[in-house]
Amino acid sequence: MYAPEPTGPAAPRPDDQPPAGPPSGGRLAALTPRLPSPLEEIADDRLAARGVRLLLKRDDLIHPALPGNKWRKLVPNLAAHAAGSPGADDRPLLTFGGAYSNHLRATAAAGRLLGIRTIGVVRGAELADRPLNGCLAQAAADGMRLHFVPRAAYRRRTDPAFHAELRADFGDFQLIPEGGSNAAAVRGCAALGRELAGEAQTAVVACGTGGTLAGLAAGLPAGARAIGIPVLKGGFLGADVERLQTAAFGGRRGDWRLADGFHFGGFARRTPELDAFAADFADRHGLAPEPVYVAKMLYAVVALAADGAFPRGSAVAAVVTG
């Protein structure tokens, strides 16, 4: 949630119980994680006044280059890449993201660590002639080839015909969807829920593409629930989370819901109110929230507590994704 920006995935398996341990040697040894991620209780008088304990699930400390949900989501896809057909390791990874995509940055870092070429399809052809922001500059420094496309073309990112056009330009590649969210990634994120068993009655996580929420909710024990905080406008995320759970597990899993209204204008948008909250949180706890995801999620936790959304005597785990 703090200085690092990306977030991360776990290990793959074809059922509801993916392992939470490190990659099994070989090429993926460079991605050996710190798991389970630390769980830290902090004293926050705003929640304490409601009789609620606040825990920070420090997924940002899983791996220095791929912290958080990005590790949990990318590693299953990278394991599939390493286990592919002969010659598959020579294919680059191609994925999608916007100008402030932590997923692009994390994929580039994984490619650098594993010696795999990476291609990032970036939303916004107009950005090609502008200086790179910090996120894209880091991805480029890690060796990612950035391919800027018009926004209309980017909306076709799930269209097989568009993928064929990209293969005509770049040759064969392994496709990783926007945000890294697919069935393998969702199964990887289920380990996050299992790590919280017996620790909290509610887990709250910021949502971009919904993959982390889909896995987290599936991994939580009975009686616990997950709340997703969308950082984009649109109201479409619920259907996406259900689709991802169906692809990963065959149907909806776990007790989860979305709490809309905390996007502050849209993805990577900020307001003076949000900035003031983040600065105050840093002053209170010595931790500076990452602004795109984590600050909005923590703001939502405090606002929901004020509205009585968490039972008195319960604990809330706020997932720090990067």
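Residues numbered from 1 in each chain as written. Predicted model: local features only at pLDDT ≥ 70, side-chain atom pairs only at ≥ 80, totals over all residues. Heavy atoms only, no water.

Participant: How would you explain the nonpolar core if you had to name every residue and give the values?
Facilitator: In this structure, Val204, Ile229, Met297, Leu298, Val301 and Phe310 are the most contacted members of the largest nonpolar core, which totals 34 residues. Contributing elements (two or more residues each) for this core: β2 (53-57), β7 (202-207), β8 (225-230), α10 (272-285), α11 (294-306) and β10 (315-319). Looking at this core element by element, the count peaks at ten residues for α11. Counting 26 residues, the second-largest nonpolar core is a separate cluster that includes Ala214, Leu216, Leu244 and Val319. (Core = buried A, V, L, I, M, F, W, Y, C linked by side-chain atoms within 4.5 Å. Buried < 20%, exposed > 50% of the residue type's maximum accessible area, 1.4 Å probe, protein only. Helix = DSSP H or I, 4+ residues; strand = E, 2+ residues; numbered from the N terminus.)

Participant: Give a detailed account of the packing of aromatic side chains, specifying residues and quantitative values.
Facilitator: Applying the stated rule across the entire model yields seven aromatic pairs. When the centroid spacing of 5.8 Å and the interplanar angle of 70 degrees are considered together, the rings of phenylalanine 267 and tyrosine 293 count as edge-to-face. Taken together, the residues span a long stretch of sequence, with phenylalanine 267 in the loop between β9 (255-258) and α10 and tyrosine 293 in the loop between α10 and α11 at a distance of 26 residues. What makes phenylalanine 267 partly exposed here is its relative accessible area of 21%. (Phe/Tyr/Trp six-rings, centres within 6.5 Å; stacked < 30°, edge-to-face > 60°.)

Participant: Talk me through unusual backbone geometry; I want residue IDs and the actual numbers.
Facilitator: Of note, the amide linkage connecting leucine 35 to proline 36 takes the cis form, showing an omega dihedral of -5 degrees. Take proline 36: it is sitting in the segment before β1 (39-42). Of note, phenylalanine 264 is a non-glycine position whose phi angle comes to about 55 degrees, a positive value. For phenylalanine 264, the position within the fold is in the loop between β9 and α10. Of note, the phi angle at alanine 268 is positive, near 65 degrees, even though the residue is not glycine. Note on placement: alanine 268 falls in the loop between β9 and α10.

Participant: Could you give an account of the pairing of β2, naming the residues involved and the relevant values?
Facilitator: Of all the five residues making up β2, four are buried; the element is thus mostly covered by neighbouring parts of the structure. Pairing analysis gives four bridges linking β1 to β2, with the strands arranged antiparallel. Note on β2: the bridge partner recorded for leucine 39 is lysine 57. (Pairing = 2+ DSSP bridges.)

Participant: Got a sec to walk through the environment of valine 204? Specific residues and values, please.
Facilitator: One can find valine 204 in strand β7. Along the primary structure valine 204 and alanine 217 are separated by 13 residues, whereas in three dimensions their C-alpha atoms are 10.0 Å apart. Residues in contact with valine 204, not counting those within four places in the same chain, are Ile227, Ile229, Met297, Val301, Phe310, Val316, Ala317, Ala318 and Val319. (Contact = heavy atoms within 4.5 Å.)

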